[in-house]
Each structure stands twice: as structure tokens, then as C-alpha cells.
Amino acid sequence: MYGWRRPKWAAVEDKTTIDRLWDAAGVASPPHVVVDVEALRRAPEEIGIGKIAGPAGVVAAADSTRGHVGDSLGLRWVPDPDRFQESVRDLADRADRVRIARFADGVPCSVLGMALPDGIAVFAPIEIVTLGDPATGRLLFCGSSTHWRPGASAEREMRDATRRAGRELVRTTGYRGIFSVDGLLTPDGFTATELNPRHASGLGLRAALPDFPVYLFNRAVQEELPGLEGIRSAALERVVRRAVAAAPSYALTVPVARTGHADGAADGAARLRHGGSVIDYRTADGVAALTAISPPAPGHRAGPACAALAAHLGDPGLRCFPLGTGGAD
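The model shown is predicted, which means the values in this text are computed figures rather than measured ones. (Residues numbered from 1 in each chain as written. Predicted model: local features only at pLDDT ≥ 70, side-chain atom pairs only at ≥ 80, totals over all residues. Heavy atoms only, no water.)

Q: Tell me what's going on with the packing of aromatic side chains, and back it up with residues and numbers.
A: Enumeration according to the criterion identifies six aromatic pairs in this entry. Residues tyrosine 175 and phenylalanine 179 carry aromatic rings whose centres are separated by 6.5 Å and whose planes lie at 85° to one another, so their mutual orientation is edge-to-face. Residue classification places tyrosine 175 among the buried residues on the basis of a relative accessible area of 2%. Look at phenylalanine 212 and phenylalanine 217: their rings are 5.6 Å apart centre to centre, the planes differ by 55°, and that puts the pair in the tilted class. (Phe/Tyr/Trp six-rings, centres within 6.5 Å; stacked < 30°, edge-to-face > 60°. Buried < 20%, exposed > 50% of the residue type's maximum accessible area, 1.4 Å probe, protein only.)

Next up, the structure:
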């Protein structure tokens, strides 16, 4: 197997143990507690949820004992701590331990980096569009956008945190290749939630450099293919950042929850007017792929447009984060 995941690398993805790396790297993470699944049967006050919960409740994350779980499938948002047991009951079937953390209400985001022989290349932050229903805690992962522009200060903070995390990842595991640091950008700054030591999605080179085999390149780096030692992390960082900035893209889909949705359009190109923007999308096989937002939303965010599109297609309870930023009204 070429470019296989070493067990020592894969272990870092466990959300119940990642805080050791955050602490060592000086990366902020939310208040939390890790419990075994048996504790999920106890009353919330017995496991200290009241001390952890914020205005938007808590989020519970399964460990990786059954393998890594992406796309929000291993997460349970619990807006109302009184409904904790009901909300996390099914996690007992997929984990041995669960991390319960304060829900940080911010823009879901990710920074991808690459560990090379001479150092860490860190690329631009991307928006990870995840919608949530405050009434039920349901989460819907829609995909990613490289259009997002969080501002120079926030971008610097997120990239610095990713570089420190990458160095610690290399120091403790000898990791090589692409990784991602995921988290939330809140009014108080960046809060990390997980580290994915693998070729995570969202880098954006598919649109920027469609002929470049980044998947094979990553595996070659992981296998230390002779000849790659001449690639410098700073140079790769510049090339990728410039290419993605010149050709930003969306990789976003929203399920069509209602047959014969509001505009009555069959599968194909369609358009939604929302506020002062026009949202272009294309439907096929029960999903709608967002293709353009004009004029762009503040910061070029796509989350509000996805929430508006979800409501238009029959799922009005979903909101984008931070809560209260609009998008579905």
C-alpha cells in the first residue's frame, strides 16, 4: 500500500485525546471533559455539564475506537443540556469515550498544512460550511469554500496556530504530508476542535490547478520518494496560496428536502434571490450544488447562502453559524 496511514499518525485524530497536542502547541481549545460512554447514562449535573455549557450548550464528540468519523457524523450538538442523555444516546454504539465541550458559536473553518522535510507549509483558511438546527441540535455538513476572507488578523492567528500544531505533530509522531486543523473563528479568536493527520478535503487546488495530482503528491511525500527533498515548504506555501486565491471555488451541496421545491424547477440550473444577493445553484439527484453568490456576502462567506438555500429547498430549521448571522429568514 502506497502512502498508508501509520497507526501513530491516525491516533492523533481522536477527539478525546487531541487536547494534549493543543496544550503542547499553545493552541486554544474550549473547556471540556472526557468521559466513558457509561457516563452518558448519568444526569448532566453528575458529569459536570453545567460547568462546561455555554449559551449555545455543548457538543459531544465520539472517539476513534471504531475508526475516524468525518462530516460531523461523530458529533452531537446539544443546545439544551437538559436533553443531553437523549441527544447523545446513540454515541454509545460507536465509541468507548466521548469528549463533551462548550459549544463555540463561530464560523466553522479549517486550515490545511503540509509537513515537508524542511518544515511546515501552511495554506489559507477555508470555510467549512456546517448548518445547525437550534431546536433539535441536528448538524448538516455542506462542504467547503475557498472564497472566504476572514481578515488579515484572523488569518494570521489561524495559520500561526496551524504551524505550531504541525510542528508538534511532526515532533511527536514523525508525520509527513497534508493535515488539517479544524475549528471555529469566534469573536474571541480561533478555537481548535480537531486535527486530521491525513489528506483532508478543501484545499482548493482542484479548481486552481486541475492537472496537478495533489493526491499522489501527498502520498509520495508520505513515502519519502527520492527527489522530493528539494521541495521547500515556504515555496510550496506561496505557490498554493497564490493559486487558490486566484481561482477560489465552492464545494458545497444542500439536500433537496421537499419535492417540487419553492421555485418548481426540475433538475438543472436554478437561481434564488435572498436579501441583496443572487444565489445560483444546480440540482441533481436530490441535492443542490451552490455555484455562485453575487454580490458576495460580507467576508465572502457561503454559510448564510447555504442556510437560505436549505430553507428554500424545504429545510427551514437550519441556521448557519454564528447563530443569528441570518441566511434562512
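Q: Tell me what's going on with helix 5 (residues 152-173), and back it up with residues and numbers.
A: The end-to-end C-alpha separation of helix 5 is 31 Å, in line with the 32 Å expected for 22 residues at 1.5 Å each. Of all the positions in helix 5, only Ala154, Glu155, Met158, Arg159, Ala161, Thr162, Arg163, Ala165, Gly166, Glu168, Leu169 and Thr173 are classed as buried. (Helix = DSSP H or I, 4+ residues; strand = E, 2+ residues; numbered from the N terminus. Expected span 1.5 Å × (residues − 1).)

Q: If you had to explain helix 7 (residues 214-222) to someone new, which residues and values would you point to?
A: Of all the positions in helix 7, only Val214, Phe217, Asn218, Ala220, Val221 and Gln222 are classed as buried. Along its buried surface, helix 7 packs onto helix 1 (7-10), strand 5 (107-116), strand 8 (177-186), helix 6 (205-208) and helix 8 (233-246). (Contact = heavy atoms within 4.5 Å.)

Q: Would you mind going over the environment of tryptophan 4 in detail, with residue names and values included?
A: As for its placement among the helices and strands, tryptophan 4 is situated in the segment before helix 1. In this structure tryptophan 4 comes out as partly exposed when scored by relative accessible area, which is 36%. For tryptophan 4 and glutamate 223, which are 219 residues apart along the polypeptide, the C-alpha to C-alpha distance reads 8.4 Å. Residue contacts for tryptophan 4: discarding those within four places in its chain leaves Trp9 and Glu223.

Q: Tell me about empty space enclosed by the protein, and name the residues and values.
A: Counted according to the given criterion, the structure contains two cavities of 30 Å³ or more. By volume, the second largest cavity is sized at about 40 Å³. Around the second largest cavity, the lining residues are Met114, Phe123, Ile178, Leu203, Leu205, Phe212, Val214, Phe217, Leu236 and Val240. Elements supplying a minimum of two residues to the lining of the second largest cavity: helix 7 and helix 8. When its residues are assigned to classes, the lining of the second largest cavity shows ten nonpolar, no polar and no charged. (1 Å grid on protein atoms, 1.4 Å probe; cavity = no way out; pocket = protein on both sides within 12 Å on 5 of 7 lines; lining within 4 Å. Points joined across faces, edges and corners; volume = space filled by probe spheres on them. Nonpolar A, V, L, I, M, F, W, Y, C, P; charged D, E, K, R; others polar.)

Q: So what's going on with the environment of isoleucine 231? Residues and values would help.
A: Looking at the secondary structure, you find isoleucine 231 in the loop between helix 7 and helix 8. By relative accessible area, which is 26% here, isoleucine 231 ends up partly exposed. Between the C-alpha atoms of isoleucine 231 and alanine 308, which are 77 residues apart in sequence, the distance is 43 Å. Look past the residues within four positions of isoleucine 231 in its chain and what remains in contact with it is Leu116, Asp118, Phe217 and Leu236.

It is worth stressing that arrangement in space is one thing and function is another; only the former is reported here.
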